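Structure at a glance
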Amino acid sequence: MRDHGVPEWYLESCLKIKYMFPKAHAAAYMIAALRLGWYKVHRPVEYYAAYFTVRGEDFDAEAAVKGPAAVKAMMDSIRAKGKEATAKEEALYSNLQIVREVLARGIKYLPVDLYKSHAFKHQVEGDAIRLPFGSLKGVGAAAAESLMHAAEEGPYISVDDLQSRSGVSKSVIETMDEFGVLKGLPKTSQMTLF
C-alpha cells in the first residue's frame, strides 16, 4: 500500500481495527434485538399482534380464545407424541408457547368477528388481540379475504347472505359456526308467516 501512496495514518488504523465486519454485523443484530425487546416490554399487545401477523401460519385460534388451560392441553398432547409429532405439530407447539406467554401477561385473544376481523392481521383492540379469519382451521387465504371484503359491504341478513356475498364454501361456514362466529345470525333469509 505504501508503494501506491496510501497515507501512513490509514495503514496504522488498518492495523488497529483488524477485521471489522463481524463486529459491525454483531452490532446490527444487537440493535434489532434491543428494538424487539423494547417493544415486547413496553408495547406487548402491539408486539404480539405483529408477531402473529407475520408468523401465524400454525396458529390454533380455538385454544388461544379458550385460555391457558386449553393451550396447555394442546401442548401436552403434542409433547406426548414425542418424535412421532409432525413438523406442522412442532411448529404449532412453538406458536403455542408464545400464545401461553401472551396469556400469562394478561393479554386476551378476542374471537373472530364477522365485521371487525381482518383477513390475516391480528388487530389490537385495547388490551386485547382480535383474531383474523385466516386463524381459523380450514379457512384459506382466498376465503379469508372474501369474508373481509364481503363484511365491508354492510351487515349480513343471514348465513345464506354471508355465503352468497363472500362466495365461501359450506365447510368454511361450518367451521365459522363451530367457532361461534355466526352466533345470532339466522340461517336463511326467508321469513315465516305463521
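The coordinates are above.
As the structure is a prediction and not an experimental result, all values here were calculated from the model.

On to the overall build of the protein, then. Tallying secondary structure elements over the protein gives nine helices and three strands in all. Secondary structure of the protein in N-to-C order comes out as α-α-α-α-α-α-β-β-β-α-α-α. Taking 16 Å as the expected radius of gyration for a compact globule of 194 residues, we find that the protein reaches 25 Å, considerably beyond that expectation. For the protein, the spread of C-alpha atoms along the principal axes amounts to about 105 × 40 × 30 Å. For the protein, the proportion of its 194 residues judged to be buried stands at 34%. Summarising the internal contacts of the protein: among those between residues at least 6 apart in sequence, 53% fall at separations of at least 24. Of the accessible surface of the protein, which amounts to about 12700 Å², a share of 59% is contributed by carbon and sulfur atoms. Of the side-chain charges in the protein, 25 are positive and 24 negative, and the distance between the mean point of each set is 7 Å.

Attention now goes to the packing of helix α3 (residues 44-55) against helix α6 (residues 87-104). With their axes 12 Å apart at the nearest point, α3 and α6 run at an angle of 165 degrees to one another. Relative to α6, α3 is oriented roughly antiparallel. The two elements α3 and α6 meet at a crossing, and its hand is left-handed. On α6, the residues touching Y48, Y51, F52 and R55 of α3 are N95, I98, V99, E101 and V102. Residue composition of the contact of α3 with α6, by class: six nonpolar, one polar and two charged.

Here we come to the packing of helix α5 (residues 68-81) against α6. Look at α5 against α6: their axes get within 10 Å of each other, and the N-to-C directions meet at 150 degrees. The orientation of α5 relative to α6 falls into the category roughly antiparallel. Handedness of the crossing formed by α5 with α6: left-handed. Across the interface between the two elements, P68, V71, K72, M74, M75, I78, R79 and K81 from α5 touch E89, L92, Y93, L96, Q97, V99, R100 and L103 from α6. By residue class, the composition of the contact of α5 with α6 is ten nonpolar, one polar and five charged.

Next up on the list: α5. The end-to-end C-alpha separation of α5 is 20 Å, in line with the 20 Å expected for 14 residues at 1.5 Å each. Among all positions in α5, only V71, M75 and I78 are buried. Taken around the axis of α5, the buried residues stretch over an arc of 60 degrees, which confines them to a single face. Across α5 from its buried face, at more than 90 degrees, point the exposed residues A69 and A80. As for α5, its buried residues are in contact with α4 (61-66) and α6. Phi for G82, located one or two positions after α5, is positive at around 60 degrees.

The rules behind the values
- Residues numbered from 1 in each chain as written.
- Predicted model: local features only at pLDDT ≥ 70, side-chain atom pairs only at ≥ 80, totals over all residues.
- Heavy atoms only, no water.
- Helix = DSSP H or I, 4+ residues; strand = E, 2+ residues; numbered from the N terminus.
- Rg over C-alpha atoms; globule rule 2.2 N^0.38 Å.
- Buried < 20%, exposed > 50% of the residue type's maximum accessible area, 1.4 Å probe, protein only.
- Contact = heavy atoms within 4.5 Å.
- Areas by Shrake-Rupley, 256 points an atom, 1.4 Å probe, with all protein chains shown as cover.
- Lys, Arg positive; Asp, Glu negative; His and termini not counted.
- Charge placed at Lys NZ, Arg CZ, Asp CG, Glu CD.
- Axes fitted to C-alpha atoms, helices over the stretch in contact; angles between N-to-C directions.
- Parallel < 35°, antiparallel > 145°, perpendicular 65-115°, else oblique.
- Left-handed = near helix turned anticlockwise from the far one by under 90°.
- Nonpolar A, V, L, I, M, F, W, Y, C, P; charged D, E, K, R; others polar.
- Expected span 1.5 Å × (residues − 1).
- Arc of directions from axis to C-beta.

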